[in-house]
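# Chain and residue survey
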Amino acid sequence: MSTTETKFWTIDPSNVDSLQIEEAAALLRDNEAVAFPTETVYGLGANALNEQAVQGIFAAKGRPADNPLIVHVANKEQIEEVVTRIPQMAHKLIDAFTPGPLTLILESNGSCASNVTAGLSSVGVRIPDHPVARALLQTCRLPLAAPSANRSGRPSPTSAEHVYKDLNGRVAGIVDGGPTGVGVESTVVDCTGDRPVILRPGGITKEDLEEVVGPTDFDPALINQEEKPKSPGMKYTHYAPEAPLWLVEGDLAFLQRQIDQLQQNDKRVGVIVSQEHAGHIQADEIQICGSRDHLNEVAVHLYGALRSFSTDTIDVILCESFPEYGMGYAVMNRLKKAATQVITQDK
Ligand code: TXA
Ligand code: MG
């Protein structure tokens, strides 16, 4: 694709400048693609009602056309404008968790451009909880299709610098609103059946959802890799750092042995570890991603840690494993997708 001149704005989320928001909203109304912060990760937004505008997102990201986009709206009324109906369980979830890191899959009424839903009869909708995203949605008065603002396959961006690295010259604008809060993407919940089904784990945990709507299933593809995922995006390579990532399931001594063996073979090794383990590990580069006791913190730092290693200085990245409950479930889902291999210690 040809290069575009990218405009930048720096906006303080605690004091949103309406003139700058108006400039970014004007580009969106002109059917251009603009990246902006949400509470999960940065999104690359465009007018969800216009096929050409949406095409601009796919082109800038290099995204496969069969992977549908999430439609971001300002409020529940705007959800009603793009779906046939809101079932009872979806009402409960919207009231309990939005604005917030939750995407609902509902039956589409066909108002969005057909490339938003990649030809599916359903549409993903979400009300983001970030002052900049909310101000943009309210000002442009459009539903915005917005995937994560990374080049396809790369880790999602949790800062405007990450977006700049991937998309400068490929999009009309980037709004810098500082680092994002949650760090992993929204939880995608299919509400088109009798029971809610989690298609992608994320910022709202299964435990949180069940408190509001009762028994909630995981898409079988999240548990068994042989199953075809219901969310088209879940089948692609994702979140990949520059160097190959090995996910290590075992104790600290086992992790250190893997590092030592690689180094003996002249490999430069980067590691991603919790703060509890950092002082006990030796490697060429170490990134601390928060505490094992606070998996929310690990989520916040995960993508930044994956992006921090360059192949100029590192040949292989090793990452410790985290418990698979609460936010740990989303963290491990992303790590397994990003990893080129999983190394498990013999019991
Ligand atoms: O937190 C987030 O959700 C971020 C921010 C920017 O809002 N967005 C995001 O979008 O992660 P993206 O495009 O990177 O991931 C969207 C996921 C993909 O796995 C896609 O396949 C799935 O949602 N999805 C979208 N529409 C769907 C639909 N109608 N049915 C099933 N899955 C759908
Ligand atoms: Mg993405």
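Residues numbered from 1 in each chain as written. Chains lettered and ligands numbered in written order. Predicted model: local features only at pLDDT ≥ 70, side-chain atom pairs only at ≥ 80, totals over all residues. Heavy atoms only, no water.

### Some details on the site of ligand 1
Every one of the 28 residues lining ligand 1 counts as a neighbour, but Thr40, Asn67, His72, Ser186 and Gly233 are closest to it. Between ligand 1 and Ser122 there is a distance of 3.0 Å, counted from a nitrogen atom to a side-chain nitrogen or oxygen. At 2.9 Å, a side-chain N or O of Arg200 approaches an oxygen atom of ligand 1. Those elements that provide at least two residues to the shell around ligand 1 are strand E3 (42-47), strand E4 (70-72), strand E6 (122-126) and strand E10 (197-200). It is E6 that provides the largest number of residues to the shell around ligand 1, a total of four residues. Among the residues making up the shell around ligand 1, the classes are represented as 13 nonpolar, ten polar and five charged. (Near = heavy atom within 4 Å. Polar contact = N/O pair within 3.5 Å; in protein donor to acceptor, adjacent residues only side chain to side chain. Helix = DSSP H or I, 4+ residues; strand = E, 2+ residues; numbered from the N terminus. Nonpolar A, V, L, I, M, F, W, Y, C, P; charged D, E, K, R; others polar.)

### Considerations on the sheet that holds strand E14 (residues 285-288)
Pairing in this open sheet of five strands is parallel, and the strands run E14-E13-E15-E12-E16 from one edge to the other. Both outer strands of the open sheet, E14 and strand E16 (341-344), are each paired with one neighbouring strand and no more. Adjacent strand axes in the sheet meet at a mean angle of 25°, parallel and antiparallel pairs treated alike. Bridge analysis of strand E12 (residues 245-249) against strand E15 (residues 316-320) gives four bridges, and the strand direction is parallel. Counterpart to Leu247 in the pairing with E15 is Cys319. Sitting on the sheet, helix H9 (residues 252-264) touches E12, strand E13 (269-273), E15 and E16, and the angle it makes with E15 is about 175°. (Pairing = 2+ DSSP bridges. Axes fitted to C-alpha atoms, helices over the stretch in contact; angles between N-to-C directions. Contact = heavy atoms within 4.5 Å.)

### Quick notes on the pattern of salt bridges
Counted according to the given criterion, the structure contains 14 salt bridges. Notably, a salt bridge pairs Glu210 with Lys206, separated by 3.3 Å at the nearest N-O pair. Here Lys206 and Glu210 lie together in helix H7 (residues 206-213), a separation of four residues that amounts to about one turn. For Glu210, a relative accessible area of 30% gives the class partly exposed. (Salt bridge = Lys/Arg side-chain N within 4 Å of Asp/Glu carboxyl O. Buried < 20%, exposed > 50% of the residue type's maximum accessible area, 1.4 Å probe, protein only.)

### Some thoughts on the UniProt feature "domain: YrdC-like" (unreviewed entry) in the protein
The positions UniProt marks with the feature "domain: YrdC-like" (unreviewed entry) are residues 18-204. Counting secondary structure, residues 18-204 comes out at 30% helix and 20% strand; the distance between its end C-alpha atoms is 30 Å. (UniProt positions renumbered as here; feature names shortened; annotations may be inferred.)

### A closer look at the pairing of E10
Along a regular strand, successive side chains alternate from one face of the sheet to the other. Of the pairings in the sheet, the one linking strand E9 (residues 187-190) to E10 comprises three bridges and is antiparallel in character. Looking at E10, one finds that Asp190 is bridged to Val197. What sits between E9 and E10 in their antiparallel hairpin is a turn of six residues. The handedness of the E10 to strand E11 (residues 217-218) crossover, carried by H7, is right-handed. (Right-handed = clockwise from strand over helix to strand, strands pointing away.)

### A few points about the UniProt feature "binding site: L-threonine" (unreviewed entry) in the protein
In this numbering, the UniProt entry assigns the feature "binding site: L-threonine" (unreviewed entry) to Thr40, His72, Arg126, Ala146 and Ser186. Of the residues just listed, which span 147 residues, no C-alpha pair is farther apart than 12.7 Å, and they cluster in one region. For Thr40, the position within the fold is in the loop between strand E2 (34-37) and E3. Apart from residues lying up to four places away in sequence, Thr40 is in contact with Pro101, Arg126, Thr158, Thr180, Val182, Gly183, Val184, Glu185 and Ser186. Side chain to side chain, Thr40 and Arg126 meet in a polar contact 3.2 Å long.

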